[in-house]
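Understanding the architecture of this molecule
Chain by chain, the residues run as shown.
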Amino acid sequence: MMSGMTPLTESEPRHAGHPAQRALVVRSVVGEAIGPFLGDIAQLRATVLREWPTLQDSDAASQARDLQVYLESWRSIAILVSDGDRLVGASIGLPLGDADEPLRRAFTAAGREVDRVFHFGGSMLLPAYRGRGLGHRFFDERESHARALGGFELTTFRTVERAADDPRRPPFGHSFKPFLLKRGYRRCGELAVATAWHEVHSGGGQTPQKLATRSRPLERSF
């Protein structure tokens with residue numbers, strides 16, 4: 001029998017403490033029940049939105065203000081991912097008819113029925129927890145929620161458009177387009193939206209942004 005083994009050699013497997021090895025808790029909350037988690041979701045959004053491709057210089061307070069509309073809609077949903085007591089991921093959605101007017105404007109201008117559209121407000125996940133299938137879980141849960149509510153024919157969301165040769169693109173930055181196409185989401189050219197926000201390290205005022213709308217038909221459940 002071998003002797004003289006150090007505590008290190010007798011400890012847990014090498015990567016046991018890494019986030020990828022820890023069990024996560026995923027749960028869904030709707031409407032006013034999102035309230036107790038609003039501050040954590042806002043902080044997570046402010047953190048993740050600073051990354052490529054959004055590059056938005058924001059803070060938790062402004063994100064919390066933007067999220068108030070989710071508390072006011074009884075049909076909204078938030079999918080929350082926790083590692084212990086820490087919120088490490090979140091994904092939100094609500095009927096487009098319950099969203100702020102700027103979100104509805106492009107659809108009404110294109111002659112679309114906003115009451116038939118369920119809007120996905122974004123998914124945020126800290127880097128250490130990516131690659132575990134949570135991206136698909138976020139879409140599955142929101143699509144299932146919209147289907148259960150009934151009356152929706154389309155699910156949609158908006159993405160930031162960046163040039164392929166943008167010098168700010170990370171060396172290993174990848175495109176989400178293959179993932180979105182696999183989910184069945186196609187770009188709607190007539191629903192592009194112009195907006196502006198402060199960019200990370202811009203050192204100036206608000207920078208014009210172009211958002212593309214992607215959507216897919218919401219099939220009925222049987």
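Note: the structure precedes this text.
Read on for a plain summary of the structure.

This brings us to helix 2 (residues 38–48). Restricting attention to buried positions, one finds in helix 2 the residues Leu38, Ile41, Ala42, Leu44, Arg45, Ala46 and Val48. On its buried side, helix 2 packs onto helix 3 (60–72), strand 2 (77–83), strand 3 (86–95) and strand 4 (117–125).

In this fold, serine 144 is placed in helix 5 (residues 134–149). In the structure, serine 144 is positioned 74 residues away from leucine 218 in sequence and 9.3 Å away in space, judged by C-alpha atoms.

Turning our attention to unusual backbone geometry. Residue proline 53 is reached from tryptophan 52 by a cis peptide bond, and omega for that bond is 10 degrees. Here the phi dihedral of leucine 55 falls at roughly 55 degrees; this positive angle occurs in a residue that is not glycine. Positive phi outside glycine occurs at histidine 201, with the angle close to 65 degrees. Since its relative accessible area comes to 77%, histidine 201 is described here as exposed.

Tallying each qualifying case throughout the model produces 16 salt bridges. Measuring nitrogen to oxygen at the nearest pair gives 3.0 Å for the salt bridge that ties glutamate 51 to arginine 130. Placement of glutamate 51 in the loop between helix 2 and helix 3 and of arginine 130 in the loop between strand 4 and helix 5 is noted, with a sequence separation of 79 residues between them. Judged by its relative accessible area of 25%, glutamate 51 falls in the partly exposed class. Owing to a relative accessible area of 38%, arginine 130 belongs among the partly exposed residues under this scheme. Measuring nitrogen to oxygen at the nearest pair gives 2.6 Å for the salt bridge that ties arginine 105 to glutamate 101. Here glutamate 101 and arginine 105 lie together in helix 4 (residues 101–109), a separation of four residues that amounts to about one turn. Residue class for glutamate 101 comes out partly exposed when judged on its relative accessible area of 37%.

What follows is about the sheet that holds strand 6 (residues 186–197). Reading across from one edge, 1-2-3-4-5-7-6 is the order of the seven strands in this open sheet, with mixed pairing throughout. Because the sheet does not close on itself, it has two edges, and the strands there are strand 1 (25–30) and strand 6. Across the sheet, the mean angle from the axis of one strand to that of its neighbour is 25 degrees, orientation sign disregarded. Sheet topology note: the strand 1/strand 2 ladder contains six bridges and is antiparallel. From the neighbouring strand, valine 26 faces strand 2, where its bridge partner is valine 81. Against the sheet, helix 3 engages strand 3 and strand 4, with an angle of about 65 degrees to strand 3.

Note that arginine 216 resides in strand 7 (residues 207–217). According to the relative accessible area criterion, arginine 216 is buried, its value standing at 15%. Taking the C-alpha atoms as reference points, arginine 216 and tyrosine 185, separated by 31 residues in sequence, lie 5.0 Å from one another. Contact partners of arginine 216, with chain neighbours within four places excluded, come to Glu143, Glu153, Leu154, Thr155, Arg183, Gly184 and Tyr185. From its side chain, arginine 216 meets the backbone oxygen of arginine 183 in a polar contact 3.0 Å long. One polar contact links arginine 216 to glutamate 219, side chain to side chain, over a distance of 2.5 Å.

Parameters and conventions
- Residues numbered from 1 in each chain as written.
- Predicted model: local features only at pLDDT ≥ 70, side-chain atom pairs only at ≥ 80, totals over all residues.
- Heavy atoms only, no water.
- Buried < 20%, exposed > 50% of the residue type's maximum accessible area, 1.4 Å probe, protein only.
- Helix = DSSP H or I, 4+ residues; strand = E, 2+ residues; numbered from the N terminus.
- Contact = heavy atoms within 4.5 Å.
- Salt bridge = Lys/Arg side-chain N within 4 Å of Asp/Glu carboxyl O.
- Pairing = 2+ DSSP bridges.
- Axes fitted to C-alpha atoms, helices over the stretch in contact; angles between N-to-C directions.
- Polar contact = N/O pair within 3.5 Å; in protein donor to acceptor, adjacent residues only side chain to side chain.

Read these as layout, nothing more, since geometry by itself doesn't imply function.
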